[in-house]
There are 2 protein chains.
Amino acid sequence: MPELRKDPVLGRWIIISKERQKRPTDFIVDEPQTSGGFCPLCPGNEYSTPPEVYAFRDESTASPNDSNWKVRVVPNKFPALIIEGELDKQGEGLYDRMNGIGAHEVVIETPGHNDLFANLPIDHITLVFRAFRDRLSDLEKDSRFRYVMIFKNFGRAAGASLEHSHSQLIALPVLPRMIVSELEGSESYFRYKDRCIFCDIIRQEIQQNVRVVCQNESFITIAPFAPRTPFEMWVLPKKHSSGFCTQTNEELLLLAEIFSETLRRLDGCIPQVPYNFVLHTQPLRTGRLDHFHWHFEIVPKLTSIAGFEWGSGFYINPLPPEEAAQYLRDSLDS
Amino acid sequence: MPELRKDPVLGRWIIISKERQKRPTDFIVDEPQTSGGFCPLCPGNEYSTPPEVYAFRDESTASPNDSNWKVRVVPNKFPALIIEGELDKQGEGLYDRMNGIGAHEVVIETPGHNDLFANLPIDHITLVFRAFRDRLSDLEKDSRFRYVMIFKNFGRAAGASLEHSHSQLIALPVLPRMIVSELEGSESYFRYKDRCIFCDIIRQEIQQNVRVVCQNESFITIAPFAPRTPFEMWVLPKKHSSGFCTQTNEELLLLAEIFSETLRRLDGCIPQVPYNFVLHTQPLRTGRLDHFHWHFEIVPKLTSIAGFEWGSGFYINPLPPEEAAQYLRDSLDS
């Protein structure tokens, strides 16, 4: 059984997910990304994943775990957390722990083994976002869970271990520190100003127009004022919205449009650059929050993160976001 | 001029340290660690670094920038922050920025190009710690600075770009988020319990005796209860102490002894594993704090940090610290 443990000073939760017995040197990571050979995510190999929990298929044909899917969501075969059981929260002196209960799912974004997420048709990317939203809504019903992390690792350097285009979802019985900090920061701003800080950021970015990468009627991509890495980008809804779950299919189509353009602009600057994106949304079952604003953060894996950054949360970035935004704006127009 | 910028939501500061004009693809990091050839940190090449700010030499011979040093501290030739100038704090709408004023120094730990820090004689490691302490005390006098980060990147995977054994020091006009969070967490515990949380951790670890790696009369190394990576370790003074600066030479000798043993135990488990260590100490000019306790955190670079970890501060660790501590305890005795 995996275990959740809390750092008593920082309140940071970690998962101890013990693998089969290993020797110390087995923890050195250098396995190459699987390329060629058998792909468990490809159509025809549905039997090699756990049974799907969700899929988009042409309506005429409709049997689960068939091969004619467009987007497919399956439990992770090697989950960091497991779905069955009680949390069984316990103290151990001044420490806190609980069972590693949670969901860990893989969103297979396309049947095409060599497709790149950024190059999928807008309609198809919309289906991926609908899968995110619908799984989020479904997992919200499980009262053991407090947050659902949705993220993508693209490229080996960004942590992807399978080549076939996919993203991941982890439902957690605790709040990740990053969300706690964003909630605290945005709430403190709201108390002072009675306005959402993200709405204010969007307003200022549109007015200054130096860090805007692209936008449409509903969404905007910016290079944030204080980015951790070159080409970090945030994609935000222009209208205040605290939870990703409330997005309509029409809104998700507009999100897919801007997201696709954003990733193609990045690829235009640095072809095939590894990146991570992470959805930041409100905790489960909190209703509408006036101070929080859902968004995606896209972080390319370019500079190596050294001890300084790691230990301090203090990043050194060699590229001002104003210049990054300029590169990104120019990358599809030239 | 480099620039310090604050994320308005999280309060996280980053350094924008613009390098010479680059194209986007130049930000892909893949330069190998320099090996063989000219080493600017080697004795005889003192002219190739900026003039030293501190050094240990045999007392009989005493001219600065001579080659007969044991430990030498020089300004970084490519500093992330610069020492001359005013902070010039400014707002830009809801954003905050200031000039990138600070010190960025390199502590050359030994004249021997191929020496490993872990294998240096205890007396010599003591000199390195004395250099840390003395530079910290000196920089404390500069009222522009609020914190001094001291850290080491060992191995290319951990961010080291030079082979010759060295550590780094960055004096900052702001507090890194990690320290802000530790101060907040430990202060909140102190308000509730009237005790230092780190003192309580040490007491519990000695009593449970399952995560203790090694100890002597003054220092203890533990595998922390909620470690981010396999073999993460903390080295703490057993007696309450909030600032590294107050350590005597005798205490630093005992620290060197335990530190050396700790690193050799790690090396015994995974030879030549890349690692980072970071000193966590109190902010400059805060006097003695009852709730904070200085310590080193040693984090091996083993598992690759994927999008999930990056975006959330929520880590998945495949090795329970109790087992890590067992491996580490056994590694020098077998």
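All of these numbers come straight from a predicted model, not from anything done at the bench.

Scoring rules and cut-offs
- Residues numbered from 1 in each chain as written.
- Chains lettered and ligands numbered in written order.
- Predicted model: local features only at pLDDT ≥ 70, side-chain atom pairs only at ≥ 80, totals over all residues.
- Contact = placed C-beta atoms within 7 Å.
- Nonpolar A, V, L, I, M, F, W, Y, C, P; charged D, E, K, R; others polar.
- Pairing = 2+ DSSP bridges.
- Helix = DSSP H or I, 4+ residues; strand = E, 2+ residues; numbered from the N terminus.
- Axes fitted to C-alpha atoms, helices over the stretch in contact; angles between N-to-C directions.
- Expected span 1.5 Å × (residues − 1).
- Buried ≥ 20, exposed ≤ 12 C-beta atoms within 10 Å, placed from the backbone.
- Arc of directions from axis to C-beta.
- Least-squares fit on C-alpha atoms with pLDDT ≥ 70 in both.

J.: Let's hear about the interface of chain A and chain B: which residues, and what values?
T.: Of the residues lining the interface, 71 residues belong to chain A; the matching set on chain B comes to 71 residues. Looking at the side of chain A that touches chain B, its residues break down into 41 nonpolar, 18 polar and 12 charged. Taken together, the three bridges between strand β15 (residues 315-317) of chain A and strand β2 (residues 13-16) of chain B define a ladder with parallel strand orientation. Following the sheet pairing, Ile316 of chain A is matched in β2 of chain B by Ile15 of chain B.

J.: A description of the environment of Ile258 of chain B should follow, citing residues and the corresponding values.
T.: All names here are of chain B. The residue Ile258 is located in helix α4 (residues 249-269) in this model. Separated by 39 residues in sequence, Ile258 and Phe219 place their C-alpha atoms 6.8 Å apart. Discounting chain neighbours no more than four positions away, the residues touching Ile258 are Cys214, Gln215, Asn216, Phe219, Thr221 and Val235.

J.: Account for the sheet that holds strand β6 (residues 95-99) of chain B, naming residues and giving values.
T.: The five strands lie next to each other as β15(A)-β2(B)-β1(B)-β6(B)-β5(B), forming an open sheet whose pairing is mixed. Two strands lie at the open edges of the sheet, namely β15 of chain A together with β5 (90-92) of chain B, each paired on one side alone. On average, each strand axis in the sheet is inclined to that of its neighbour by 30°, with strand direction left out of account.

J.: Could you give me a rundown of the sheet that holds strand β10 (residues 212-215) of chain B, with the residues and numbers involved?
T.: Residues and elements named next belong to chain B. One open sheet holds the 10 strands; their spatial order is β3-β4-β7-β9-β8-β13-β14-β12-β11-β10, and the pairing between them is antiparallel. Edge positions in the sheet fall to β3 (54-57) and β10, since each has one partner strand and no second. Ignoring strand direction, the axes of neighbouring strands in this sheet form an average angle of 15°. Inspection of the sheet shows β10 paired to strand β11 (residues 219-222) by three bridges, in the antiparallel sense. Each bridged residue has a counterpart across the sheet, and for Gln215 the counterpart in β11 is Ile220.

J.: Can you explain helix α3 (residues 197-208) of chain A? Please cite residues and give values.
T.: Residues and elements named next belong to chain A. Taking 1.5 Å per residue as the helical rise, α3 with its 12 residues ought to reach 16 Å, and the 16 Å between its terminal C-alpha atoms agrees with that figure. Among the residues of α3, those classed as buried are Ile197, Phe198, Ile201, Ile202 and Glu205. End-on view of α3: buried residues confined to an arc of 140°, all on one side of the axis. Buried positions along α3 lie against α2 (177-193), β10 (212-215), β11 (219-222), β12 (233-237) and β14 (295-300). Positive phi shows up at Asn209, right after α3, with a value of about 55°.

J.: Just give me the short version of the relation of the copies chain A and chain B, but keep the residues and values in it.
T.: Note on the identical chains: chain A maps onto chain B by a rotation of 180° and an axial translation of 0.0 Å, with an RMSD of 0.0 Å. Expressed as a symmetry operation, the mapping of one chain copy onto the other fits a two-fold axis. Most of the interface of chain A is mirrored in chain B, where 100% of its interface residues are also at the interface.

J.: Provide a residue-level description of unusual backbone geometry, including the pertinent values.
T.: All names here are of chain B. Even without being glycine, Asn65 reaches a positive phi, approximately 65°. Looking at where Asn65 falls in the secondary structure, it is placed in the loop between β3 and β4 (69-75). Its identity is not glycine, yet Asp194 carries a phi of approximately 60°, on the positive side. Looking at where Asp194 falls in the secondary structure, it is placed in the loop between α2 (177-193) and α3 (197-208).

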